[in-house]
Amino acid sequence: NAGVTQTPKFRVLKTGQSMTLLCAQDMNHEYMYWYRQDPGMGLRLIHYSVGEGTTAKGEVPDGYNVSRLKKQNFLLGLESAAPSQTSVYFCASSTLVDSYEQYFGPGTRLTVT
Amino acid sequence: LAKTTQPISMDSYEGQEVNITCSHNNIATNDYITWYQQFPSQGPRFIIQGYKTKVTNEVASLFIPADRKSSTLSLPRVSLSDTAVYYCLVETRNYGQNFVFGPGTRLSVLP
């Protein structure tokens, strides 16, 4: 099992450019999440999904869009990047039973100049 | 959402027991208490979860008093590798997502 993987690991964008971050999980989890973490801060939930074809807003959704066309993949899009979106982005997945434990990916470090 | 409060930072020495307390005065009947650990440049990792009383696993214990308004994560005999940020979450088990990661407690284990 690879667990949760994220692509790419690093990216530098110019203001106004767009990009998509890919998250994939091979644990057949129903829930998937996107977080951002700014230096010295905790994680803030951007969007989440409770199943294929469904998405919902988290704490800080503005400037981001998501899609979950397949159960194993959760995409995070930035349509017009801004310097305020410079952050480390983490994806996670969890099941709906037992502890609802979230399994996190290694993160994507994004810099917007 | 139940708000959580934790100390911002703690120092300890190798071999000591470390207790990190989290306050969650507004916890609801259906809420669970979960702790995560995060090392620099890595995603958080699940440590332990509980509903009431005491839970123990191979890495930690979680103590929850009867009123459930606080919880204490106990790490026995810490080592340098336990230096990390520890997050306390209160999670509601229903459709959707109801939890918030706070700023966490930065634990520094000194030799």
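Residues numbered from 1 in each chain as written. Chains lettered and ligands numbered in written order. Predicted model: local features only at pLDDT ≥ 70, side-chain atom pairs only at ≥ 80, totals over all residues. Heavy atoms only, no water.

Asks: Can you break down the overall build of chain A residue by residue, with the values?
Replies: Scanning chain A for helices and strands turns up zero helices and eleven strands. Ordered by position from N to C terminus, the α and β elements of chain A give β-β-β-β-β-β-β-β-β-β-β. Taking 13 Å as the expected radius of gyration for a compact globule of 113 residues, we find that chain A reaches 13 Å, a close match to that expectation. Counting only C-alpha atoms and orienting by the principal axes, one finds that chain A spans roughly 40 × 30 × 25 Å. Residue burial in chain A is summarised as follows: out of 113 residues, 49% are buried. Of all intrachain contacts in chain A linking residues separated by at least 6 positions in sequence, the fraction that spans at least 24 positions is 54%. Of the roughly 5,300 Å² of accessible surface on chain A, 52% is carried by carbon and sulfur atoms. Charged side chains of chain A number 10 positive and 9 negative; the gap between the two group centres comes to 10 Å. (Helix = DSSP H or I, 4+ residues; strand = E, 2+ residues; numbered from the N terminus. Rg over C-alpha atoms; globule rule 2.2 N^0.38 Å. Buried < 20%, exposed > 50% of the residue type's maximum accessible area, 1.4 Å probe, protein only. Contact = heavy atoms within 4.5 Å. Areas by Shrake-Rupley, 256 points an atom, 1.4 Å probe, with all protein chains shown as cover. Lys, Arg positive; Asp, Glu negative; His and termini not counted. Charge placed at Lys NZ, Arg CZ, Asp CG, Glu CD.)

Asks: If you had to explain the layout of surface pockets to someone new, which residues and values would you point to?
Replies: Each pocket or cavity is described by its volume, and for the largest pocket that value is around 620 Å³. Elements with a minimum of two residues in the lining of the largest pocket: β9 (87-94) and β11 (108-112) of chain A together with β8 (84-92) and β9 (105-110) of chain B. Here the lining of the largest pocket gets four residues from one element, more than from any other, and that element is β11(A). A volume near 230 Å³ is recorded for the second largest pocket. Surrounding the second largest pocket, 13 residues form its lining, Q37(B), R45(B), I47(B), V59(B) and A60(B) being those nearest its centre. Of the residues that constitute the lining of the second largest pocket, the class distribution is eight nonpolar, two polar and three charged. (1 Å grid on protein atoms, 1.4 Å probe; cavity = no way out; pocket = protein on both sides within 12 Å on 5 of 7 lines; lining within 4 Å. Points joined across faces, edges and corners; volume = space filled by probe spheres on them. Nonpolar A, V, L, I, M, F, W, Y, C, P; charged D, E, K, R; others polar.)

Asks: Lay out the interface of chain B and chain A in plain terms, naming residues and giving numbers.
Replies: Contact residues are listed per partner, giving 20 residues for chain B and 21 residues for chain A. With both sides pooled, the region where chain B packs onto chain A buries about 1,600 Å², and carbon together with sulfur makes up 54% of that total. Joining chain B to chain A, the criterion identifies zero salt bridges. Put simply, chain B and chain A have three residue pairs in polar contact (both at pLDDT 80 or more) between them. Secondary-structure elements contributing two or more residues to the side of chain B that touches chain A are β3 (31-38), β4 (45-50) and β8 of chain B. Considered class by class, the residues forming the side of chain B that touches chain A number eight nonpolar, nine polar and three charged. (Buried area = accessible area lost by both parts, 1.4 Å probe. Salt bridge = Lys/Arg side-chain N within 4 Å of Asp/Glu carboxyl O. Polar contact = N/O pair within 3.5 Å; in protein donor to acceptor, adjacent residues only side chain to side chain.)

Asks: Give me the lowdown on the pairing of strand β7 (residues 70-75) of chain B, citing residues and values where you can.
Replies: All names here are of chain B. Buried residues dominate β7, accounting for five of its six residues. As paired elements, strand β6 (residues 61-64) and β7 share three bridges and run antiparallel to each other. Within the sheet, the bridge partner assigned to L62 lies in β7 and is L73. The antiparallel pairing of β6 with β7 creates a hairpin that spans five residues between the two strands, and R68 there sits at a positive phi of about 60°. (Pairing = 2+ DSSP bridges.)

Asks: So what's going on with the pairing of strand β3 (residues 19-25) of chain A? Residues and values would help.
Replies: Residue and element names in this part refer to chain A. The side-chain alternation of β3 yields one buried face, formed by M19, L21, C23 and Q25, and one unburied face, formed by T20, L22 and A24. Pairing geometry for strand β1 (residues 4-7) and β3, over four bridges, is antiparallel. If you follow V4 over to β3, its bridge partner there is Q25. With six bridges joining them, β3 and strand β8 (residues 73-78) adopt antiparallel strand pairing. Across the sheet, the residue bridging to C23 is F74, located in β8.

Asks: Before we move on, could you go through the packing of aromatic side chains and cite the residues and values that matter?
Replies: With the rule as written, the count across this model stands at eight aromatic pairs over all chains. An aromatic cluster is defined as three or more aromatic residues linked by ring pairs; in this entry it consists of Y31(A), Y33(A), Y35(A), Y100(A), F104(A), Y36(B) and F46(B). Positioned over the ring face of Y51(B) is R68(B), at 4.0 Å from the centre of the ring. (Phe/Tyr/Trp six-rings, centres within 6.5 Å; stacked < 30°, edge-to-face > 60°. Lys NZ or Arg CZ within 6 Å of the ring centre and 35° of its normal.)

Asks: Break down the side chain of S49(A) for me, with residues and values.
Replies: Residue and element names in this part refer to chain A. As for its position among the elements, S49 is in strand β5 (residues 43-51). The exposure class assigned to S49 is buried, which follows from its relative accessible area of 0%. A polar contact of 2.5 Å, which involves the side chain of S49, links it to the backbone oxygen of T54. A distance of 2.8 Å separates a polar atom in the side chain of S49 from a polar atom in the side chain of R68. If sequence neighbours within four positions are ignored, S49 has contacts with E30, Y31, M32, T54, T55, R68 and F74.

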